[in-house]
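This is what each chain is made of:
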Amino acid sequence: METHPENRVDPDAWTVSVAPGLLPRLLADLPRAGSFRTLAEHRAVYPSPPQVRKGGDPLLIEEVERAGVTGRGGASFPAHLKWKVVASGRGRPMVIVNGSEGEPASSKDAVLMSRVPHLVIDGAVYAAAAIGAERIFVCVGAHSTSAMAGVERALEERDDAEDAGIPIEMRIVPDRYVAGEERSLVHMINGGPAVPTSMPPRPFERGVKKRPTLIHNAETLAHVTTIMVNGAAWYRSAGTSDEPGTRLVSLSGALPRPVICEVEAGASLREVFEANGGDCSLVSGVLIGGNFGTWLSPQDAFGARLSLASLRPTGASPGCGVLFFLPSDVCGVAVVADIADWYSRESARQCGPCEFGLEAIATAMDAVDSALDVDPMLARIERLTSEIRGRGGCKFPDGAAQMVRSGLTVFADEVQLHRAGYCTSGRISEVAV
Amino acid sequence: MSAKTEGRYRISVDFIACRGHGMCADFLPENVSLDEWGYPIVKDDTLAPGRLRDAKQAALLCPELALRIEKVNASAEVARK
(Lines give C-alpha, C1' and ligand atoms only; values in the text may rest on other atoms or scores of the structure.)
Protein backbone atom coordinates (compact mmCIF):
# COMPACT_ATOMS: atom_id res chain seq x y z
CA MET A 1 0.00 0.00 0.00
CA GLU A 2 1.46 3.36 -1.00
CA THR A 3 1.58 5.93 1.76
CA HIS A 4 4.01 8.35 0.14
CA PRO A 5 2.62 9.81 -3.07
CA GLU A 6 5.79 11.85 -3.51
CA ASN A 7 7.79 8.67 -4.16
CA ARG A 8 7.43 7.05 -7.55
CA VAL A 9 5.27 3.94 -7.36
CA ASP A 10 7.18 0.77 -8.27
CA PRO A 11 6.56 0.40 -12.04
CA ASP A 12 6.08 -3.36 -11.65
CA ALA A 13 3.42 -2.95 -8.95
CA TRP A 14 0.81 -1.38 -11.25
CA THR A 15 -2.11 -3.47 -12.41
CA VAL A 16 -4.62 -2.53 -15.10
CA SER A 17 -8.43 -2.53 -14.95
CA VAL A 18 -11.52 -1.27 -16.76
CA ALA A 19 -14.51 0.37 -15.05
CA PRO A 20 -17.46 -2.06 -14.70
CA GLY A 21 -19.74 -2.02 -17.74
CA LEU A 22 -17.33 0.02 -19.88
CA LEU A 23 -16.04 -1.28 -23.20
CA PRO A 24 -12.34 -0.41 -22.98
CA ARG A 25 -10.88 1.72 -25.72
CA LEU A 26 -7.24 2.47 -25.00
CA LEU A 27 -6.89 -0.63 -22.85
CA ALA A 28 -8.81 -2.98 -25.20
CA ASP A 29 -6.83 -6.23 -25.60
CA LEU A 30 -3.91 -4.61 -23.80
CA PRO A 31 -0.82 -6.86 -23.86
CA ARG A 32 0.17 -7.98 -20.35
CA ALA A 33 3.06 -6.27 -18.58
CA GLY A 34 6.36 -7.00 -20.32
CA SER A 35 4.63 -7.67 -23.66
CA PHE A 36 4.26 -5.43 -26.67
CA ARG A 37 1.70 -5.00 -29.46
CA THR A 38 3.74 -5.21 -32.66
CA LEU A 39 3.14 -2.94 -35.63
CA ALA A 40 1.57 -5.81 -37.58
CA GLU A 41 -0.80 -6.60 -34.69
CA HIS A 42 -1.61 -2.91 -34.32
CA ARG A 43 -2.28 -2.46 -38.06
CA ALA A 44 -4.77 -5.36 -37.99
CA VAL A 45 -7.01 -3.06 -35.92
CA TYR A 46 -5.77 0.44 -36.73
CA PRO A 47 -5.06 1.25 -40.41
CA SER A 48 -2.11 3.48 -41.33
CA PRO A 49 -2.63 7.21 -40.84
CA PRO A 50 -2.58 9.34 -44.01
CA GLN A 51 0.73 10.65 -45.37
CA VAL A 52 1.81 13.91 -43.79
CA ARG A 53 1.77 16.73 -46.33
CA LYS A 54 2.76 20.36 -46.12
CA GLY A 55 -0.31 22.52 -45.51
CA GLY A 56 -2.08 19.87 -43.47
CA ASP A 57 -5.61 18.57 -43.72
CA PRO A 58 -8.40 20.65 -42.16
CA LEU A 59 -10.78 17.66 -42.31
CA LEU A 60 -8.71 15.92 -39.62
CA ILE A 61 -8.92 19.01 -37.40
CA GLU A 62 -12.70 19.04 -37.89
CA GLU A 63 -12.97 15.40 -36.82
CA VAL A 64 -11.07 16.12 -33.61
CA GLU A 65 -13.26 19.16 -33.02
CA ARG A 66 -16.44 17.09 -33.45
CA ALA A 67 -15.07 14.51 -31.03
CA GLY A 68 -14.29 17.18 -28.45
CA VAL A 69 -11.22 15.45 -27.03
CA THR A 70 -9.46 17.40 -24.30
CA GLY A 71 -5.87 17.19 -23.05
CA ARG A 72 -5.15 14.38 -20.61
CA GLY A 73 -1.87 15.80 -19.33
CA GLY A 74 -3.53 17.99 -16.73
CA ALA A 75 -4.95 21.13 -18.31
CA SER A 76 -7.99 19.50 -20.06
CA PHE A 77 -7.60 21.98 -22.93
CA PRO A 78 -9.61 21.22 -26.12
CA ALA A 79 -7.23 19.59 -28.63
CA HIS A 80 -8.71 21.14 -31.78
CA LEU A 81 -8.07 24.68 -30.52
CA LYS A 82 -4.35 23.91 -30.21
CA TRP A 83 -4.32 22.30 -33.67
CA LYS A 84 -5.95 25.34 -35.27
CA VAL A 85 -3.58 27.84 -33.67
CA VAL A 86 -0.47 25.81 -34.54
CA ALA A 87 -1.67 25.15 -38.11
CA SER A 88 -2.19 28.87 -38.72
CA GLY A 89 1.17 29.92 -37.26
CA ARG A 90 4.27 31.02 -39.16
CA GLY A 91 6.48 28.23 -40.46
CA ARG A 92 6.06 24.50 -40.78
CA PRO A 93 4.91 23.14 -37.38
CA MET A 94 6.52 20.55 -35.11
CA VAL A 95 4.78 17.94 -32.96
CA ILE A 96 5.89 16.84 -29.49
CA VAL A 97 4.47 13.81 -27.70
CA ASN A 98 4.75 14.53 -23.98
CA GLY A 99 5.35 11.20 -22.30
CA SER A 100 7.49 12.62 -19.50
CA GLU A 101 4.90 11.73 -16.84
CA GLY A 102 6.59 13.61 -14.03
CA GLU A 103 3.88 12.85 -11.46
CA PRO A 104 5.33 10.08 -9.28
CA ALA A 105 1.90 8.47 -8.75
CA SER A 106 1.00 8.41 -12.46
CA SER A 107 1.85 5.56 -14.79
CA LYS A 108 -0.82 5.65 -17.50
CA ASP A 109 1.47 7.07 -20.18
CA ALA A 110 4.16 4.51 -19.36
CA VAL A 111 1.59 1.70 -19.73
CA LEU A 112 0.61 3.01 -23.18
CA MET A 113 4.15 3.70 -24.39
CA SER A 114 5.56 0.40 -23.17
CA ARG A 115 2.79 -1.91 -24.38
CA VAL A 116 0.88 -0.10 -27.17
CA PRO A 117 3.25 2.65 -28.35
CA HIS A 118 1.86 2.54 -31.91
CA LEU A 119 -1.50 3.73 -30.57
CA VAL A 120 0.26 6.85 -29.25
CA ILE A 121 2.58 7.35 -32.24
CA ASP A 122 -0.27 7.00 -34.76
CA GLY A 123 -2.05 9.82 -32.88
CA ALA A 124 1.01 12.00 -33.32
CA VAL A 125 1.11 11.17 -37.05
CA TYR A 126 -2.58 12.07 -37.40
CA ALA A 127 -1.91 15.35 -35.61
CA ALA A 128 1.09 15.98 -37.86
CA ALA A 129 -1.03 15.22 -40.95
CA ALA A 130 -3.74 17.58 -39.71
CA ILE A 131 -1.40 20.54 -39.24
CA GLY A 132 1.20 19.69 -41.90
CA ALA A 133 4.06 19.19 -39.44
CA GLU A 134 7.71 18.62 -40.36
CA ARG A 135 8.92 16.38 -37.54
CA ILE A 136 7.64 14.45 -34.51
CA PHE A 137 9.50 14.20 -31.20
CA VAL A 138 8.38 11.48 -28.80
CA CYS A 139 9.53 12.57 -25.34
CA VAL A 140 9.76 9.77 -22.78
CA GLY A 141 10.53 10.13 -19.08
CA ALA A 142 13.92 8.70 -18.08
CA HIS A 143 12.27 7.03 -15.07
CA SER A 144 10.40 4.53 -17.26
CA THR A 145 12.78 2.06 -18.87
CA SER A 146 9.87 0.03 -20.21
CA ALA A 147 8.35 3.09 -21.93
CA MET A 148 11.71 3.97 -23.50
CA ALA A 149 12.11 0.38 -24.70
CA GLY A 150 8.55 0.30 -26.09
CA VAL A 151 8.92 3.53 -28.05
CA GLU A 152 12.38 2.60 -29.30
CA ARG A 153 11.15 -0.76 -30.58
CA ALA A 154 8.06 0.85 -32.14
CA LEU A 155 10.15 3.40 -34.04
CA GLU A 156 12.47 0.65 -35.34
CA GLU A 157 9.47 -1.33 -36.58
CA ARG A 158 8.14 1.73 -38.38
CA ASP A 159 11.48 2.51 -39.98
CA ASP A 160 11.53 -0.99 -41.47
CA ALA A 161 7.90 -1.23 -42.54
CA GLU A 162 6.35 2.16 -43.23
CA ASP A 163 6.95 5.65 -44.47
CA ALA A 164 4.57 8.07 -42.82
CA GLY A 165 6.18 10.94 -44.69
CA ILE A 166 7.56 12.42 -41.47
CA PRO A 167 10.67 11.74 -39.38
CA ILE A 168 9.92 10.57 -35.83
CA GLU A 169 12.56 10.79 -33.09
CA MET A 170 12.60 9.73 -29.46
CA ARG A 171 13.99 12.05 -26.79
CA ILE A 172 14.64 11.14 -23.16
CA VAL A 173 13.37 13.62 -20.60
CA PRO A 174 15.43 13.93 -17.37
CA ASP A 175 13.67 12.68 -14.27
CA ARG A 176 12.60 16.04 -12.87
CA TYR A 177 9.02 17.29 -12.64
CA VAL A 178 9.43 20.61 -14.45
CA ALA A 179 11.40 18.92 -17.26
CA GLY A 180 7.99 17.83 -18.58
CA GLU A 181 6.73 21.41 -18.76
CA GLU A 182 6.04 22.41 -22.37
CA ARG A 183 8.74 25.06 -22.61
CA SER A 184 11.24 22.72 -20.94
CA LEU A 185 10.67 20.11 -23.65
CA VAL A 186 11.08 22.72 -26.38
CA HIS A 187 14.22 24.09 -24.72
CA MET A 188 15.67 20.56 -24.45
CA ILE A 189 14.95 19.69 -28.09
CA ASN A 190 16.49 23.00 -29.14
CA GLY A 191 19.70 21.95 -27.37
CA GLY A 192 19.30 23.56 -23.94
CA PRO A 193 18.67 22.11 -20.49
CA ALA A 194 15.15 20.80 -19.78
CA VAL A 195 13.97 23.74 -17.68
CA PRO A 196 11.21 26.28 -18.40
CA THR A 197 12.16 29.42 -20.31
CA SER A 198 10.71 32.91 -20.13
CA MET A 199 7.38 33.63 -21.78
CA PRO A 200 6.48 34.84 -24.37
CA PRO A 201 6.81 33.32 -26.93
CA ARG A 202 4.67 30.32 -26.10
CA PRO A 203 5.50 27.01 -27.84
CA PHE A 204 2.35 27.09 -29.98
CA GLU A 205 3.62 30.38 -31.42
CA ARG A 206 7.35 29.68 -31.53
CA GLY A 207 8.79 26.44 -30.19
CA VAL A 208 11.13 23.86 -31.67
CA LYS A 209 13.43 25.61 -34.21
CA LYS A 210 11.23 28.67 -33.66
CA ARG A 211 8.36 26.87 -35.40
CA PRO A 212 4.81 26.68 -34.04
CA THR A 213 4.85 23.53 -31.93
CA LEU A 214 1.97 21.27 -30.99
CA ILE A 215 2.49 19.49 -27.67
CA HIS A 216 0.17 16.74 -26.48
CA ASN A 217 0.18 14.28 -23.63
CA ALA A 218 0.72 10.68 -24.78
CA GLU A 219 -2.76 9.51 -23.68
CA THR A 220 -4.41 12.37 -25.56
CA LEU A 221 -2.79 11.21 -28.79
CA ALA A 222 -3.86 7.60 -28.18
CA HIS A 223 -7.45 8.90 -28.04
CA VAL A 224 -6.85 10.77 -31.31
CA THR A 225 -5.95 7.48 -33.01
CA THR A 226 -9.19 5.84 -31.86
CA ILE A 227 -11.19 8.88 -33.00
CA MET A 228 -9.66 8.87 -36.48
CA VAL A 229 -10.39 5.16 -36.88
CA ASN A 230 -13.81 4.93 -35.23
CA GLY A 231 -15.15 8.44 -35.72
CA ALA A 232 -16.17 11.35 -33.51
CA ALA A 233 -19.69 10.01 -32.86
CA TRP A 234 -18.26 6.77 -31.50
CA TYR A 235 -15.88 8.74 -29.26
CA ARG A 236 -18.76 10.78 -27.88
CA SER A 237 -20.79 7.68 -27.00
CA ALA A 238 -18.87 7.50 -23.71
CA GLY A 239 -18.45 10.27 -21.15
CA THR A 240 -20.49 13.46 -20.82
CA SER A 241 -21.45 15.94 -23.54
CA ASP A 242 -18.98 18.49 -22.16
CA GLU A 243 -16.22 15.98 -21.53
CA PRO A 244 -16.72 13.01 -23.84
CA GLY A 245 -14.76 9.80 -24.13
CA THR A 246 -12.85 7.72 -21.63
CA ARG A 247 -9.79 8.52 -19.60
CA LEU A 248 -7.06 6.66 -17.77
CA VAL A 249 -6.73 7.22 -14.04
CA SER A 250 -3.87 6.09 -11.80
CA LEU A 251 -5.24 4.95 -8.43
CA SER A 252 -2.95 4.29 -5.49
CA GLY A 253 -2.90 4.43 -1.70
CA ALA A 254 -5.62 2.61 0.26
CA LEU A 255 -6.02 -0.17 -2.32
CA PRO A 256 -4.81 -3.77 -2.54
CA ARG A 257 -2.65 -2.84 -5.58
CA PRO A 258 -2.00 0.42 -7.42
CA VAL A 259 -4.06 0.33 -10.61
CA ILE A 260 -4.40 2.11 -13.96
CA CYS A 261 -8.12 2.11 -14.72
CA GLU A 262 -9.93 3.18 -17.89
CA VAL A 263 -13.11 5.02 -16.89
CA GLU A 264 -15.74 7.16 -18.60
CA ALA A 265 -15.06 10.87 -18.28
CA GLY A 266 -17.46 11.95 -15.54
CA ALA A 267 -17.40 8.61 -13.70
CA SER A 268 -18.23 8.62 -9.99
CA LEU A 269 -15.07 8.65 -7.89
CA ARG A 270 -16.70 6.42 -5.28
CA GLU A 271 -17.62 3.81 -7.89
CA VAL A 272 -14.17 3.85 -9.46
CA PHE A 273 -12.52 3.45 -6.05
CA GLU A 274 -14.85 0.68 -4.86
CA ALA A 275 -14.69 -1.21 -8.16
CA ASN A 276 -10.93 -1.43 -7.69
CA GLY A 277 -11.19 -2.87 -4.20
CA GLY A 278 -11.22 0.33 -2.14
CA ASP A 279 -13.19 0.91 1.06
CA CYS A 280 -14.32 4.56 1.35
CA SER A 281 -14.55 4.32 5.16
CA LEU A 282 -10.79 3.69 5.38
CA VAL A 283 -9.74 6.91 3.63
CA SER A 284 -9.02 10.25 5.32
CA GLY A 285 -8.27 12.33 2.23
CA VAL A 286 -7.96 12.08 -1.56
CA LEU A 287 -5.24 13.82 -3.55
CA ILE A 288 -6.74 14.51 -6.98
CA GLY A 289 -4.37 15.33 -9.82
CA GLY A 290 -1.22 14.15 -8.03
CA ASN A 291 1.35 16.28 -6.26
CA PHE A 292 0.37 19.15 -8.58
CA GLY A 293 -3.25 18.59 -7.53
CA THR A 294 -5.66 19.25 -4.69
CA TRP A 295 -6.56 17.42 -1.48
CA LEU A 296 -10.25 16.73 -0.99
CA SER A 297 -12.04 15.43 2.08
CA PRO A 298 -13.50 11.93 1.61
CA GLN A 299 -16.96 13.50 1.69
CA ASP A 300 -16.18 15.92 -1.17
CA ALA A 301 -14.18 13.37 -3.16
CA PHE A 302 -16.59 10.46 -2.95
CA GLY A 303 -19.54 12.72 -3.77
CA ALA A 304 -17.82 13.97 -6.94
CA ARG A 305 -17.45 12.81 -10.51
CA LEU A 306 -14.26 12.87 -12.55
CA SER A 307 -15.14 15.92 -14.58
CA LEU A 308 -14.15 19.57 -14.55
CA ALA A 309 -17.77 20.56 -13.93
CA SER A 310 -18.31 18.25 -10.98
CA LEU A 311 -14.96 18.98 -9.32
CA ARG A 312 -14.99 22.75 -9.90
CA PRO A 313 -16.96 23.59 -6.68
CA THR A 314 -14.39 21.62 -4.66
CA GLY A 315 -11.47 23.58 -6.16
CA ALA A 316 -10.01 20.44 -7.77
CA SER A 317 -9.83 19.21 -11.37
CA PRO A 318 -9.21 15.75 -12.85
CA GLY A 319 -5.74 16.95 -13.90
CA CYS A 320 -3.54 14.13 -15.14
CA GLY A 321 -5.81 11.47 -13.59
CA VAL A 322 -3.86 10.68 -10.43
CA LEU A 323 -6.09 9.62 -7.53
CA PHE A 324 -4.20 8.99 -4.30
CA PHE A 325 -6.33 7.72 -1.42
CA LEU A 326 -4.72 8.37 1.95
CA PRO A 327 -5.29 5.44 4.33
CA SER A 328 -6.97 6.80 7.47
CA ASP A 329 -4.33 5.35 9.79
CA VAL A 330 -1.63 7.47 8.12
CA CYS A 331 -1.02 11.04 9.27
CA GLY A 332 -2.16 13.51 6.58
CA VAL A 333 -0.01 16.30 7.97
CA ALA A 334 3.10 14.14 7.58
CA VAL A 335 2.17 13.32 3.98
CA VAL A 336 1.54 16.99 3.14
CA ALA A 337 4.94 17.78 4.69
CA ASP A 338 6.57 15.03 2.62
CA ILE A 339 5.06 16.33 -0.61
CA ALA A 340 6.07 19.90 0.33
CA ASP A 341 9.60 18.56 0.71
CA TRP A 342 9.32 16.91 -2.72
CA TYR A 343 8.39 20.33 -4.16
CA SER A 344 11.44 21.90 -2.55
CA ARG A 345 13.74 19.20 -3.93
CA GLU A 346 12.16 19.30 -7.42
CA SER A 347 12.46 23.07 -7.90
CA ALA A 348 14.63 23.88 -10.91
CA ARG A 349 16.01 26.75 -8.75
CA GLN A 350 15.69 29.21 -11.61
CA CYS A 351 13.34 31.62 -9.87
CA GLY A 352 14.07 33.04 -6.41
CA PRO A 353 10.51 32.82 -5.06
CA CYS A 354 10.42 29.12 -6.04
CA GLU A 355 13.92 28.21 -4.83
CA PHE A 356 13.66 29.94 -1.45
CA GLY A 357 9.89 29.94 -1.01
CA LEU A 358 9.38 26.20 -1.54
CA GLU A 359 12.22 25.42 0.85
CA ALA A 360 10.71 27.72 3.48
CA ILE A 361 7.25 26.15 3.02
CA ALA A 362 8.74 22.67 3.36
CA THR A 363 10.66 23.65 6.49
CA ALA A 364 7.56 25.17 8.08
CA MET A 365 5.43 22.12 7.17
CA ASP A 366 8.07 19.88 8.71
CA ALA A 367 7.86 21.94 11.90
CA VAL A 368 4.07 21.56 12.00
CA ASP A 369 4.47 17.83 11.47
CA SER A 370 6.99 17.70 14.30
CA ALA A 371 4.63 19.71 16.53
CA LEU A 372 7.15 22.53 16.85
CA ASP A 373 5.82 26.11 16.99
CA VAL A 374 2.66 24.93 15.25
CA ASP A 375 0.69 28.18 15.30
CA PRO A 376 3.46 30.54 14.15
CA MET A 377 4.45 28.01 11.48
CA LEU A 378 0.85 27.76 10.23
CA ALA A 379 0.73 31.55 9.99
CA ARG A 380 4.03 31.50 8.08
CA ILE A 381 2.71 28.86 5.68
CA GLU A 382 -0.43 30.92 5.15
CA ARG A 383 1.66 33.95 4.18
CA LEU A 384 4.27 32.08 2.10
CA THR A 385 1.72 30.08 0.10
CA SER A 386 -0.28 33.21 -0.62
CA GLU A 387 2.83 35.20 -1.64
CA ILE A 388 4.32 32.56 -3.92
CA ARG A 389 1.37 32.31 -6.29
CA GLY A 390 2.08 33.55 -9.81
CA ARG A 391 5.72 34.28 -8.96
CA GLY A 392 7.51 31.62 -10.98
CA GLY A 393 8.49 31.19 -14.61
CA CYS A 394 6.11 28.21 -14.60
CA LYS A 395 3.19 27.14 -12.42
CA PHE A 396 5.23 24.80 -10.21
CA PRO A 397 5.20 27.04 -7.09
CA ASP A 398 1.45 27.61 -7.53
CA GLY A 399 1.04 23.84 -7.39
CA ALA A 400 2.86 23.67 -4.07
CA ALA A 401 0.63 26.37 -2.62
CA GLN A 402 -2.52 24.61 -3.78
CA MET A 403 -1.41 21.21 -2.45
CA VAL A 404 -0.34 22.55 0.97
CA ARG A 405 -3.34 24.83 1.52
CA SER A 406 -5.89 22.20 0.50
CA GLY A 407 -4.06 19.61 2.61
CA LEU A 408 -4.11 21.77 5.74
CA THR A 409 -7.86 22.30 5.23
CA VAL A 410 -8.67 18.63 4.70
CA PHE A 411 -6.45 17.52 7.59
CA ALA A 412 -7.54 20.32 9.98
CA ASP A 413 -8.36 17.78 12.73
CA GLU A 414 -4.91 16.24 12.35
CA VAL A 415 -3.38 19.71 12.65
CA GLN A 416 -5.25 20.11 15.95
CA LEU A 417 -3.73 16.87 17.19
CA HIS A 418 -0.27 18.10 16.24
CA ARG A 419 -0.91 21.34 18.09
CA ALA A 420 -1.32 19.19 21.20
CA GLY A 421 1.77 17.16 20.32
CA TYR A 422 -0.07 14.09 19.07
CA CYS A 423 -0.51 12.39 15.74
CA THR A 424 -2.89 9.89 14.15
CA SER A 425 -0.10 7.49 13.25
CA GLY A 426 -0.06 6.58 16.94
CA ARG A 427 3.20 8.22 17.80
CA ILE A 428 3.59 11.17 20.08
CA SER A 429 5.58 13.73 18.16
CA GLU A 430 9.07 14.45 19.32
CA VAL A 431 8.88 17.80 21.02
CA ALA A 432 12.17 19.63 21.27
CA VAL A 433 13.42 19.82 24.80
CA MET B 1 -13.99 54.30 -20.71
CA SER B 2 -11.71 54.66 -23.74
CA ALA B 3 -10.32 57.94 -22.47
CA LYS B 4 -9.59 56.34 -19.12
CA THR B 5 -7.89 53.22 -20.40
CA GLU B 6 -5.77 55.09 -22.90
CA GLY B 7 -2.25 55.42 -21.65
CA ARG B 8 -2.60 52.80 -18.91
CA TYR B 9 0.35 50.54 -18.33
CA ARG B 10 0.86 47.27 -16.54
CA ILE B 11 4.08 45.90 -15.07
CA SER B 12 5.22 42.32 -14.62
CA VAL B 13 8.39 40.51 -13.56
CA ASP B 14 10.25 37.83 -15.51
CA PHE B 15 11.06 35.66 -12.50
CA ILE B 16 13.42 33.40 -14.43
CA ALA B 17 15.62 36.43 -15.10
CA CYS B 18 15.09 38.24 -11.76
CA ARG B 19 17.91 38.00 -9.18
CA GLY B 20 16.28 40.11 -6.53
CA HIS B 21 18.27 43.33 -6.92
CA GLY B 22 15.17 45.23 -5.79
CA MET B 23 15.47 48.17 -8.17
CA CYS B 24 11.78 47.90 -9.07
CA ALA B 25 10.69 48.24 -5.42
CA ASP B 26 12.91 51.33 -5.01
CA PHE B 27 11.39 53.08 -7.98
CA LEU B 28 7.81 51.85 -7.65
CA PRO B 29 7.12 51.29 -3.94
CA GLU B 30 3.38 51.68 -4.42
CA ASN B 31 3.38 48.76 -6.93
CA VAL B 32 6.17 46.50 -5.73
CA SER B 33 7.28 45.20 -2.34
CA LEU B 34 9.99 42.65 -1.60
CA ASP B 35 9.69 39.23 0.02
CA GLU B 36 12.02 38.09 2.80
CA TRP B 37 14.66 37.08 0.25
CA GLY B 38 14.47 40.36 -1.65
CA TYR B 39 12.42 39.16 -4.61
CA PRO B 40 9.63 41.41 -5.86
CA ILE B 41 5.96 40.97 -5.03
CA VAL B 42 3.83 42.93 -7.49
CA LYS B 43 1.08 44.21 -5.18
CA ASP B 44 -0.58 46.25 -7.91
CA ASP B 45 0.34 45.68 -11.54
CA THR B 46 -1.26 48.86 -12.89
CA LEU B 47 0.84 52.02 -12.95
CA ALA B 48 -0.78 55.14 -11.52
CA PRO B 49 -0.96 58.12 -13.91
CA GLY B 50 2.36 59.90 -14.18
CA ARG B 51 4.41 56.90 -13.01
CA LEU B 52 5.47 55.61 -16.42
CA ARG B 53 8.72 57.58 -16.29
CA ASP B 54 9.87 55.96 -13.05
CA ALA B 55 8.77 52.55 -14.30
CA LYS B 56 10.83 52.95 -17.46
CA GLN B 57 13.79 54.05 -15.34
CA ALA B 58 13.42 50.97 -13.13
CA ALA B 59 13.15 48.66 -16.15
CA LEU B 60 16.27 50.24 -17.67
CA LEU B 61 18.28 50.03 -14.45
CA CYS B 62 17.26 46.47 -13.58
CA PRO B 63 20.56 44.57 -14.00
CA GLU B 64 18.69 41.52 -15.31
CA LEU B 65 16.22 43.47 -17.48
CA ALA B 66 13.52 41.45 -15.71
CA LEU B 67 10.92 44.22 -15.29
CA ARG B 68 8.39 44.38 -18.09
CA ILE B 69 6.06 47.23 -18.90
CA GLU B 70 3.21 46.74 -21.30
CA LYS B 71 0.50 49.04 -22.49
CA VAL B 72 -2.94 47.89 -21.42
CA ASN B 73 -4.94 47.66 -24.56
CA ALA B 74 -8.59 48.51 -24.19
CA SER B 75 -9.93 45.32 -25.80
CA ALA B 76 -7.71 43.07 -23.68
CA GLU B 77 -8.91 44.94 -20.62
CA VAL B 78 -12.53 44.27 -21.56
CA ALA B 79 -11.74 40.62 -22.18
CA ARG B 80 -10.17 40.31 -18.76
CA LYS B 81 -13.42 41.44 -17.08
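Look above for the structure.
The rules behind each value
- Each chain has its residues counted from 1, running along the sequence as written.
- Each chain takes a letter, starting from A, and each ligand takes a number, starting from 1, following the order in which they are written.
- Side-chain atom pairs in this predicted model are given and counted only at pLDDT of 80 or more, local residue features only at pLDDT of at least 70, and totals for whole chains, interfaces and linings cover all residues.
- Strand pairing is assigned whenever DSSP identifies at least 2 bridges connecting the two strands.
- By the criteria applied, helices consist of DSSP H or I runs no shorter than four residues and strands consist of E runs no shorter than two, each listed in order from the N terminus.
- For helices, the fitted line uses only the C-alpha atoms of the stretch in contact; every axis is such a line through C-alpha atoms, and the angle between N-to-C directions lies from 0 to 180 degrees.
- We call two residues in contact if the C-beta atoms placed from their backbones are at most 7 Å apart.
- Asp, Glu, Lys and Arg are counted as charged, while Ala, Val, Leu, Ile, Met, Phe, Trp, Tyr, Cys and Pro are counted as nonpolar; the rest, among them Gly, fall into the polar class.
- We define a nonpolar core as a collection of buried residues of the types Ala, Val, Leu, Ile, Met, Phe, Trp, Tyr and Cys that are connected via C-beta atoms lying within 7 Å of each other.
- Comment: burial labels come from other C-beta atoms within 10 Å of the residue's own C-beta, placed from the backbone, where a count of 20 or more is buried, 12 or fewer is exposed, and between is partly exposed.
- Segment limits for the domains were obtained from an automatic or database-derived domain assignment.
- Handedness of each helix crossing follows the sense of rotation of the near helix against the far helix: counterclockwise by less than a right angle gives left-handed, clockwise gives right-handed.

A.B. asks: Is there a simple way to think about the sheet that holds strand β3 (residues 135-141) of chain A in this case?
C.D. replies: Sheets are built from strands that pair by backbone hydrogen bonding, the pairs being arranged parallel or antiparallel. All names here are of chain A. Spatially, the four strands line up as an open sheet ordered β4-β3-β2-β5, and their pairing is parallel. Because the sheet does not close on itself, it has two edges, and the strands there are β4 (168-173) and β5 (213-217). Taking each pair of neighbouring strands and ignoring which way they run, the sheet shows an average axis angle of 20 degrees. As defined by bridge partners, strand β2 (residues 94-99) adjoins β5 across five bridges and the pair is classed as parallel.

A.B. asks: Explain the interface of chain B and chain A to me, please; I cannot follow it from the model alone.
C.D. replies: Taken together, the contact pairs ten residues of chain B with twelve residues of chain A. Considering only residue class, the side of chain B that touches chain A consists of seven nonpolar, one polar and two charged.

A.B. asks: Could you clarify how one ought to interpret the nonpolar core in this entry?
C.D. replies: Buried together is how nonpolar side chains tend to be arranged in soluble globular proteins. Residue and element names in this part refer to chain A. Ranked by internal contacts, the top residues of the largest apolar core, which has 156 residues, are Ala124, Ala127, Val138 and Ile361. With eleven residues, the top contributor of residues to this core is helix α5 (residues 117-131). Residue contributions to this core reach at least three from each of two domains, namely domain 1 (26-235) and domain 2 (332-419). The residues touching alanine 127, leaving out its near neighbours within four places in the chain, are Trp83, Val95, Leu214, His216, Leu221 and Val224.

A.B. asks: Just to check I follow, could you spell out the pairing of strand β7 (residues 259-264) of chain A for this structure?
C.D. replies: Along any regular strand the residues' side chains alternate between the sheet's two faces. Residues and elements named next belong to chain A. The buried fraction of β7 is high, at six of six residues. Taking every second residue as pointing to the same face, both faces of β7 are buried, with Val259, Cys261 and Val263 on one and Ile260, Glu262 and Glu264 on the other. The pairing of strand β1 (residues 15-18) with β7 spans four bridges and is parallel. For valine 18, the partnering residue across the bridge sits in β7 and is glutamate 262. Alignment of strand β6 (residues 246-253) against β7, held across six bridges, turns out to be antiparallel. Bridging across to β7, leucine 248 finds its partner in glutamate 262.

A.B. asks: Would you mind going over the sheet that holds strand β8 (residues 283-288) of chain A with me for this structure?
C.D. replies: Residue and element names in this part refer to chain A. One open sheet accounts for six strands, arranged β1-β7-β6-β10-β8-β9; its pairing is mixed. What marks the edges here is a single partner per strand, and that holds for β1 and β9 (294-296). Taking each pair of neighbouring strands and ignoring which way they run, the sheet shows an average axis angle of 25 degrees.

A.B. asks: Looking at this model, I keep getting lost on the packing of α5 of chain A against helix α6 (residues 145-161) of chain A. Mind explaining?
C.D. replies: When two helices pack together, you describe them by how their axes are tilted relative to each other and by the distance separating the axes. Residues and elements named next belong to chain A. Interaxial distance between α5 and α6 falls to 9 Å at its minimum, and their mutual angle equals 65 degrees. The hand of the α5/α6 crossing is right-handed. Between α5 and α6, the contacting residues are Pro117, His118 and Ile121 on the first element and Gly150, Val151 and Ala154 on the second.

A.B. asks: I would appreciate a short explanation of unusual backbone geometry in the present structure.
C.D. replies: Note: most peptide bonds trans; most residues except glycine with negative phi. Residues and elements named next belong to chain A. Phi is positive for alanine 371, which is not a glycine, with a value near 60 degrees. Along the polypeptide, alanine 371 turns up in the loop between α14 (352-369) and α15 (374-387). Overall, the presence of 21 C-beta atoms within 10 Å leaves alanine 371 in the buried class.

Treat this as a map of the structure, not an account of what it does.
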